[in-house]
Structures are given as structure tokens and as C-alpha cells.
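# Overview (structure and organization)
Single-letter residue listing:
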Amino acid sequence: MIFETITTTLMGSLALKAYFSKNAAGNDSKKLNKIFTLSGLNVKDGNQTLTTQLVKKKNYDWGTEYRYRIPLGRSFEDYAAKQKTIEAGINTRTVKLQLKDFRELKIDKNIIANLRELYTKKLTDKKEIELSYDGMLIIRVYNESLPKEVELEEGKGWKVPFGITREKNKMIYHDFEKIPHLVLGGATRYGKSNLINCIIASLIRQQPNNVKFHLIDLKGGVELCDYENIKQTVSIAYEPEDALEVLKNAYEIMRSKQEVLRKAGKKKVQDAGINERHFVIIDEVGELNPDEAVDKKDIKDSDGNYIKKSEKTIKLECQKYMSQIARLGAGLGFRQILATQYGTGDVIPRQCKQNSDAKLCFRVQSGTASRVVLDGEGAEQLPEIKGRAIYQTADKRVIVQTPLITEGIIKETTEPYIIDKGGASIGSTHAKARKNIAVIEKTGLS
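Fair warning: this is a prediction, and the values are worked out from it, not measured in the lab.

Moving on, we come to helix α8 (residues 240-264). If you check α8, its first and last C-alpha atoms are 36 Å apart, about what 25 residues at 1.5 Å a residue would give, namely 36 Å. Remark: Gly 265 follows α8 within two positions and exhibits a positive phi of approximately 75°.

Let's shift gears to the environment of Phe 334. Structurally, Phe 334 can be placed in strand β15 (residues 334-340). Accessibility expressed as a relative area gives 0% for Phe 334, which makes it buried. Put simply, Phe 334 and Phe 279 are 55 residues apart on the chain and 5.9 Å apart in space, counted from C-alpha to C-alpha.

Secondary-structure assignment places Ile 138 in strand β6 (residues 137-142). When the C-alpha positions of Ile 138 and Arg 69 are compared, they lie 9.1 Å apart, and in sequence the two are 69 residues distant. In contact with Ile 138, not counting residues within four places along its chain, are Glu 65, Tyr 66, Arg 67, Glu 130, Leu 131 and Ser 132.

Looking now at the pairing of strand β12 (residues 277-283). Counting buried residues along β12, seven of its seven residues qualify, which places the element largely inside the surrounding structure. Judged by which residues are buried, β12 turns out to be covered on both faces: Arg 277, Phe 279, Ile 281 and Asp 283 on one side and His 278, Val 280 and Ile 282 on the other are all buried. Taken together, the seven bridges between strand β10 (residues 211-217) and β12 define a ladder with parallel strand orientation. Bridge assignment links Phe 213 to a residue of β12, and that residue is Phe 279. Bridge analysis of β12 against β15 gives six bridges, and the strand direction is parallel.

A word on unusual backbone geometry. If you check the backbone angles, Arg 189 has positive phi at about 75° while not being a glycine. You can see Arg 189 is positioned in the loop between β9 (182-185) and α7 (192-206). A positive phi is found at Glu 284, a non-glycine position, where the angle reads about 80°. Here Glu 284 lies in the loop between β12 and β13 (299-300).

This brings us to the packing of aromatic side chains. What the rule picks out here adds up to 11 aromatic pairs. Ring geometry for Tyr 251 against Tyr 321: centres 5.4 Å apart, planes inclined by 50°, an arrangement best described as tilted. A residue pair is termed long-range when its members are at least 10 positions apart, and Tyr 251 in helix α8 and Tyr 321 in helix α10 (residues 311-328) qualify at 70 residues. Of the two residues, Tyr 251 and Tyr 321, both sit in the buried class. Chaining the aromatic ring pairs together yields one cluster made of Phe 36, Tyr 66, Tyr 68 and Tyr 79. Note that Arg 166 overlies the ring of Tyr 142, its terminal NZ or CZ placed 4.8 Å from the centroid. In this arrangement the basic side chain of Lys 320 is found over the ring face of Tyr 321, its NZ or CZ atom lying 4.7 Å from the centre.

Reading guide: rules and limits
- Residues numbered from 1 in each chain as written.
- Predicted model: local features only at pLDDT ≥ 70, side-chain atom pairs only at ≥ 80, totals over all residues.
- Heavy atoms only, no water.
- Helix = DSSP H or I, 4+ residues; strand = E, 2+ residues; numbered from the N terminus.
- Expected span 1.5 Å × (residues − 1).
- Buried < 20%, exposed > 50% of the residue type's maximum accessible area, 1.4 Å probe, protein only.
- Contact = heavy atoms within 4.5 Å.
- Pairing = 2+ DSSP bridges.
- Phe/Tyr/Trp six-rings, centres within 6.5 Å; stacked < 30°, edge-to-face > 60°.
- Lys NZ or Arg CZ within 6 Å of the ring centre and 35° of its normal.

Everything listed is a geometric property; what it means functionally is a separate question.
Below, the structure is given as C-alpha cells:
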């Protein structure tokens, strides 16, 4: 009886406090104005100070969105450069308890310990912010951080899960039928190869009889060797000279598809009822940069035929095939995924980048490296969290936490499709590209 009375009184007081906190929630505007002033974002014009003016504030379940008119003499880049300062200032706060915090609070004899646990959790919770610009400065303040680990979910058709966004932890999917080509970037160990494995595993699960892979792993085979002996893999390479064979083979299959469509009077594989899709995936495309080739001298016979191609020539031919696949492949059922960690502009062939409407970039070291992948800054501002990335298409740009895949999931996915192909052993750093015979599906159009 005494416990019930104390609990009722305590909860009544807490509920009242929560009510006021709820009505005060999402009101970081005063802090933001102070931060703008102290961090030098306001502009002095003679005796007048031009300030960042709040135009609109809107509360959501996930947090609050503020829209500001920025003063003359300031640009969005000025605010983006201060993102960490703004976020740190927002997180200098007292603990606020809201009604929803008590819904999961266990009311029992350990009520005091449970309340302390709730207080500690609220004290350590960190708000995150996101900046964007559409004519006005938009600052989204999220009440909770994105999870640092996300499980791989099942996609559907050619839609592959790319991670969750801050808004209600909503999973987003990349549709390779709508956006065929993808560029991936980011510093080493932040998640590029993990996401490639997620894409491959998802496609095998969702389209085991229709997906075909042309894989190039220029990290010596350590990332993609698990797929060497599955039926979906047409060819695989671990060295630049073998990569050329893989790309040439993929290009020849693509041109065969083109001939089938031409004879049938169709413009794309969807119109022709062809369900097969080919994915050309290159992990570390920077290794195919001809400017970094050491061997630059070809050896030819007296008739001008190659006896031995130089490293530079091999890489130039690789980039030629990559560009042709990027330009022509979409309607022919070919999709290209290029991943790189290097932050220089000459790493990704221009044609490939221009024809890749989807880009995903993990954390990088500089704004220059971010622009290589995204054509804009932002990835250098990402927190140092594995799997955190910016996913960008023609009409949107969002921060995501990409899924994590385990060796167990990869093994479970590939085991049913392993076949005896012969050739080099799995994991060999000198595994030869297996140029399988290109088979064009017989359809009513053949």
C-alpha cells in the first residue's frame, strides 16, 4: 500500500514534469541563435548586425526541423563548415523527460533503480543534426542518433536494401531497374566492400535464376572470392590483366543482347521480356587508373601486333569497356557498380560517373574527396562510424546507416549455388578470369 502511494505520487510528479518537457521539446532555436552568434556566422554591416533569421519551425516524431534565412555575405558552405560546432552546442543540455519515456518504464520495487537507468540513458543520448539548403538553410535536429549497426533485410525484385534513415528508422531500397549504375566511395574500412557483399547476397536471394555477375576484386580477391564458384558468377578477376578479360567478355555479351533486341525491334530488355540482368562490379576501381601505371611501354612485333601490353594500355582498355557499359548497358540489362577509396578526380572514368545517377559515399578525409563521388561536399562531415554514408540520387540526398552482413549470411546464401567450375582455387591472388561461354536466353524474340 505504501509502495503504491509513493509510486502514484512519484509518477504524478514525473508526468507533470514530462508534460512541460514535452511542450518545450524541439525548442533548440534559442541555442541555435546563440551558436550562430558565438561561432561568427552573423555578419557585421557597419553598426548593424545581420543575423540568421528563423522563418519556420516544425516538430516531428524524430525531432525538429528549422528553416532559416541566411544573411548577406554568408553561404551554406559557411554553416556546413560549422556543423560539428552546432551539433556540440545542441548537445549541451539538461535532461528532459517526456511522456513517451515512461511508457517503457517498469513500475515495480526497483522503481528508483529504473528511474536512474532512464536518467542515465537520457543523459548520454546524443542529438544529431543534418544541414541542407533549398534557398533557405535547413537544420534538422534529431532526438536520437542513428543505430550504429543495422541487420540486412530482404529486398524484392531488383530492389536492394541500402540502410535506414533517421526518420523513423525507415529502410530505403535502391532499385537497379530504375537506376542501373552506382558509384561507391569512402575511406578504407568504413563499409564499401561490406555494402557490395550486401548487394550481391541480396540479388542472389531475390533473383537466383536471373542475376549474372562479372566480378573484379582488385584487393587480391579477399572481398569477393566467396562468389567465385557459384552459378551466378560468369567471370571473376583479381588482377588488372584478368580484369580486362572480364570486362571484354561482359561487353561482348552486352553486344549480343543488343543484336537480339535489334532483330526483335525492341529498345530494351524489359520490352523484350528478358529477365536476365548482368552486374559488373569492381571493388577498388582506382587500381585501374592508367595514370598510376608503372609499366607504360608496349611490346609489339614488326606488324604492330601486341606481344605484351603494358600496364597502362591494359588499364586504358579496361576504362574503355567500363565507359561503354555505362553508356549502353542500361537498356541491355547491364548494371555497373564501381567502388573506390581514392579521393582524386581521375579515378572514376568520366563517362561512368556521368551515367551513374546513384552515388553512395562513406566518410572521407576532405571535401575534395567527397566531391569526387558526390559532386559535392558532405561526406567529410560524417561521424567516424562504420556503415554511415550519404546516399544520393537525382532527386534526393539522405544519410543512411548501411546494413551489416556476416560471413555466416554470405555462406548461407552462396552454398546452394556452388558448382564445380574447375580453374584456380578460391582465394588465389592470381586466379584467372574464367571466360564462360556467353549464352543468350532463347525467348520468343530469338
